[in-house]
Structures are given as structure tokens and as C-alpha cells.
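Structural characterization, general
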Amino acid sequence: MILIAESGSTKTDWILLGSKGVTKRQQTLGINPYHQNKSSIINIISSLDNFDSISKIFFYGAGCAVDEKKQIIKDALLEIFPGANCEINSDVLAAARSVCGIEKGIACIIGTGSNSCLYNGENIEHNVPPLGYILGDEGSGAVMGKKLIADILKNLAPKEIKSAFYKKYELDYGEIINKVYKEEAPSRFLAQFTVFLSENIHSPYVSQLVKKSFSEFFERNIKQYDNHTSLPIHFIGSIAFYFKNELQIVAKETGLSLGKIQQSPLEGLIQYHLGK
């Protein structure tokens, strides 16, 4: 039996594959080796119910790009499944295998954060570092939210947008500054305002903000990959999915060819491993 895990910081989806396809699905808490130690991860994995006879595990997750962090996940998995062969991979490779399968292409993640890679049909050939929402993460929910908040607080957003924003969220200057600079997970706080952007996408100001963010993503990330004008560019993530129209407009204006745009990599990963 093959066990596939697709994990973020919030949740992990576990899929058990047999010779005839999916035999079991379960969801647990998220696993991220930057936020949890081996013991905590073992506790999460231990909550799996009746996942037996596992010979191979493919774990894909946030925070799994560095060997040291991969080893934490691997050690925890082997405590629960001592006879299994474990392969620990990044969420970027999960996206690439999901949308590209065994074909060469460029795979991107645009959600709270953003990332991308040049994929050769099996592994990542080149990855432009995403750098997080302060130095990078162009096109992401966190960066869009940051741009919106900055424009509102600097009185650069249109009056009707400011009014609608404060009516919806009832936040004042002090609360916003505190949440961004003092509290945990500021990127998630900022990314939540993409709901407001989606609700007001017909505003020229909002539409331009979203499209400029995608333009920056293409300019600072995709254009660094060889053959970026001839390869399909695929996307995974909620921001890419819900702002699909704006993403397609910017890609066309930039002369790029879009491929799949999906909210989650899970089903594509299942198909990839069923075909292996």
C-alpha cells in the first residue's frame, strides 16, 4: 500500500492507495517542521485510523525544502511505519507533479504565499526563491492584502473602497498595526483581505491592484525560467483559482501560455502516483 500526505500548516490530507486506487482518506492537523518538533508530529500521525501495510510513503509539505527539516518528518513517520520507504518532498514539488504529471512545465503556487519552479517531468530543475511576503511572494494573498492595507492607511485608496473596507472589518489604525507587527501569523492576517478584493473586483482600483500583483509575479519569477514563453504555466492555490480571470488577462498581456489552474494539488497527486 502507498500512503500519500499533502500537508500545510493548517491541515494534512492522507490518502491510502492500493492497486485499484484510493482505499482510504483521512485528515489530520497540519504538519510543518519549522513549527513542530518530532514528538508533536508523531502525535499527529498517531491519530491515523487503520492505515496498515504501508510499504511506501510520499509526504509533501510546507517547510520541507531543507534536508534537516525533511529528516524530522521522516523520523516521525518511521516511528509509526517502521518498515516503510519514505520520500519527503516540498509543497512545490507536490504542485508540479499534480499539474504537470510527467510532462515538463512551470508550476506555481499562489495562495497566502507564492512560489514557482521549472519542472522536468519528475523533479524540480530550478526554483526562484519566494522570499516570503516582506521580500517576495509576489502575487500572493499576503502581498495583495499588504498593498490594500497600505493604500487605505496612506489614504491612497478610493473613498468608496475605504468606506466599504472599514464597514466590513471594523478595524482601526492601531489594531491593524498591532496585528501586522506584534501578533503571530501577519501573512495570514493580510491574506484574509483578498475576500474583500474578490467582492470588489469590479472596482478599477481593485482590479488594477490584483493585476499588478500578478504582473510582478510573472516579471520577478516566471521570466527567470528557461523557455518560459514556450512552456505551459500551471497554477495551484486559492488566489490563482479565485482570481483566475485577472491571472489569465495578465498572462495574455505578458505573452505567456497558461495551463491548469486548480485550487488544490491533491487529486492531481493521486493521479500522478496511480500512474507511476
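Anything mentioned here points back to the structure above.
Since the model is a prediction, treat every value here as computed from it, not as a measurement. Position numbers for residues start from 1 in each chain and track the written sequence from start to end. Owing to the predicted nature of the model, reporting of local features is limited to residues with pLDDT of at least 70; listing and counting of side-chain atom pairs is limited to 80 or more, with chain, interface and lining totals taken over all residues. Side-chain numbers come from the whole structure's heavy atoms, not from hydrogens or water.

Exposure classes here rest on a 1.4 Å probe applied to the protein chains alone. A residue is buried below 20% of its type maximum, exposed above 50%, and partly exposed in between. Helical segments are the DSSP runs of H or I of at least four residues, strand segments are the runs of E of at least two, and each set is numbered from the N terminus. All of the buried residues along helix H13 (residues 266-274) are Leu266, Gly268, Leu269, Ile270, Tyr272 and His273. Considering only its buried residues, H13 is in contact with strand E1 (2-7), strand E2 (11-18), strand E3 (21-29), strand E4 (56-61), helix H3 (91-100) and strand E7 (114-119). By definition, residues are in contact when any of their heavy atoms lie within 4.5 Å.

Our focus in this paragraph is the nonpolar core. One finds Leu148, Phe165, Phe214, Phe218, Ile222 and Phe235 to be the most contacted residues of the largest nonpolar core, which totals 45 residues. Excluding anything up to four places from it in sequence, isoleucine 222 contacts Ile106, Cys108, Ser116, Phe217, His228, Ile233 and Leu256. Counting residues in each nonpolar core, the second largest holds 22 residues, with Ala5, Ile41, Ala76 and Ile88 among its members. Joining through side-chain atoms within 4.5 Å is the link that ties buried Ala, Val, Leu, Ile, Met, Phe, Trp, Tyr and Cys residues into a set, and such a set is a nonpolar core.

Glancing now at the packing of aromatic side chains. Note on aromatic pairs: the rings of Phe, Tyr and Trp (six-membered ring only in Trp) are paired at centre separations within 6.5 Å, and the planes decide the class, stacked below 30 degrees, edge-to-face beyond 60, tilted for the rest. Per the stated rule, a full pass over the model turns up twelve aromatic pairs. Centroid distance phenylalanine 217 to phenylalanine 218: 6.0 Å. Interplanar angle 65°. Geometry classified as edge-to-face. Grouping residues by exposure puts phenylalanine 217 and phenylalanine 218 together as buried. By the ring-pair criterion, three or more aromatic residues cluster together here, those being Phe165, Tyr166, Tyr169, Phe189, Phe193 and Phe196. Above the face of the tyrosine 34 ring, lysine 69 is positioned so that its terminal group lies 4.7 Å from the ring centre. By the criterion adopted, a ring carries a charge over it if an Arg CZ or a Lys NZ lies within 6 Å of its centre and within 35 degrees of its normal. One residue, lysine 168, lies across the ring of tyrosine 169, its end atom 5.6 Å from the ring centre.

Take the pattern of salt bridges next. By definition here, a salt bridge exists when the distance from a side-chain nitrogen of Lys or Arg to a carboxyl oxygen of Asp or Glu is within 4 Å. Considering all chains together, one arrives at nine salt bridges under this definition. Its salt-bridge partner being arginine 220, residue glutamate 138 comes within 2.8 Å of it at the nearest N-O pair. Taken together, the positions of glutamate 138 in the loop between helix H4 (132-135) and helix H5 (141-153) and arginine 220 in helix H10 (residues 204-220) put the pair 82 residues apart, joining distant regions of the chain. A relative accessible area of 9% means that glutamate 138 is categorised as buried. The partner of glutamate 216 in a salt bridge is lysine 147, with the nearest N and O atoms 3.4 Å apart. Pair noted here: glutamate 216 is in helix H10 and lysine 147 is in helix H5, with a separation of 69 residues, a long-range link. With a relative accessible area of 23%, glutamate 216 lands in the partly exposed category.

Pairs of strands are assigned from DSSP output, requiring at least two bridges between the strands. Pairing in this open sheet of five strands is mixed, and the strands run E8-E7-E6-E9-E10 from one edge to the other. Each of the sheet's edge strands pairs with one partner strand only, and the pair in question is strand E8 (124-126) and strand E10 (258-262). When strand polarity is set aside, the average angle formed by the axes of neighbouring strands in this sheet is 30°. One ladder, built from two bridges, connects E7 with E8; its direction is antiparallel. When the sheet's bridge partners are listed, leucine 118 is paired in E8 with histidine 126. All axes here are fitted lines through C-alpha atoms, helices being fitted over the stretch that makes contact, and every angle between N-to-C directions spans 0 to 180 degrees. Sheet strands in contact with helix H12 (residues 244-254) are strand E9 (233-236) and E10, and its direction is about 165° off that of E10.

For the pair H5 and H10, the least separation of the axes is 10 Å and the interaxial angle reads 135°. In terms of their interaxial angle, H5 and H10 are classed as oblique. As H5 packs across H10, the resulting crossing turns out to be right-handed. On H10, the residues that touch Met144, Lys147, Leu148 and Asp151 of H5 are Tyr205, Leu209, Val210, Ser213, Phe214 and Glu216. Here the term charged refers only to Asp, Glu, Lys and Arg, the term nonpolar to Ala, Val, Leu, Ile, Met, Phe, Trp, Tyr, Cys and Pro, and the term polar to all other amino acids, Gly among them. The class makeup of the residues in the contact of H5 with H10 is six nonpolar, one polar and three charged. The scheme is simple: roughly parallel for angles under 35 degrees, roughly antiparallel for over 145, roughly perpendicular for 65 to 115, oblique for anything else. Note on convention: the crossing is left-handed when the near helix lies turned anticlockwise from the far helix by less than a right angle, right-handed when the turn is clockwise.

Attention shifts here to unusual backbone geometry. The phi angle at asparagine 155 is positive, at roughly 65°, despite the residue not being glycine. Residue class for asparagine 155 comes out exposed when judged on its relative accessible area of 53%.

Right, let's get into the side chain of aspartate 137. Residue placement: aspartate 137 occurs in the loop between H4 and H5. Only four residue types enter the charge count, namely Lys and Arg as positive and Asp and Glu as negative; His and the chain termini do not. Buried within the structure, aspartate 137 lacks any salt-bridge partner; lysine 146 is the closest side chain of opposite charge, at an N-O distance of 8.9 Å. Here the side chain of aspartate 137 touches tyrosine 133 through a polar contact of 3.4 Å, landing on its backbone nitrogen. Setting aside chain neighbours within four positions, we find aspartate 137 in contact with Gly113, Ser114, Pro130, Gly132 and Val143. Two N or O atoms count as a polar contact when they lie within 3.5 Å, although within protein this holds only if one can serve as hydrogen donor and the other as acceptor, and sequence-adjacent residues are included solely when both atoms are side-chain atoms.

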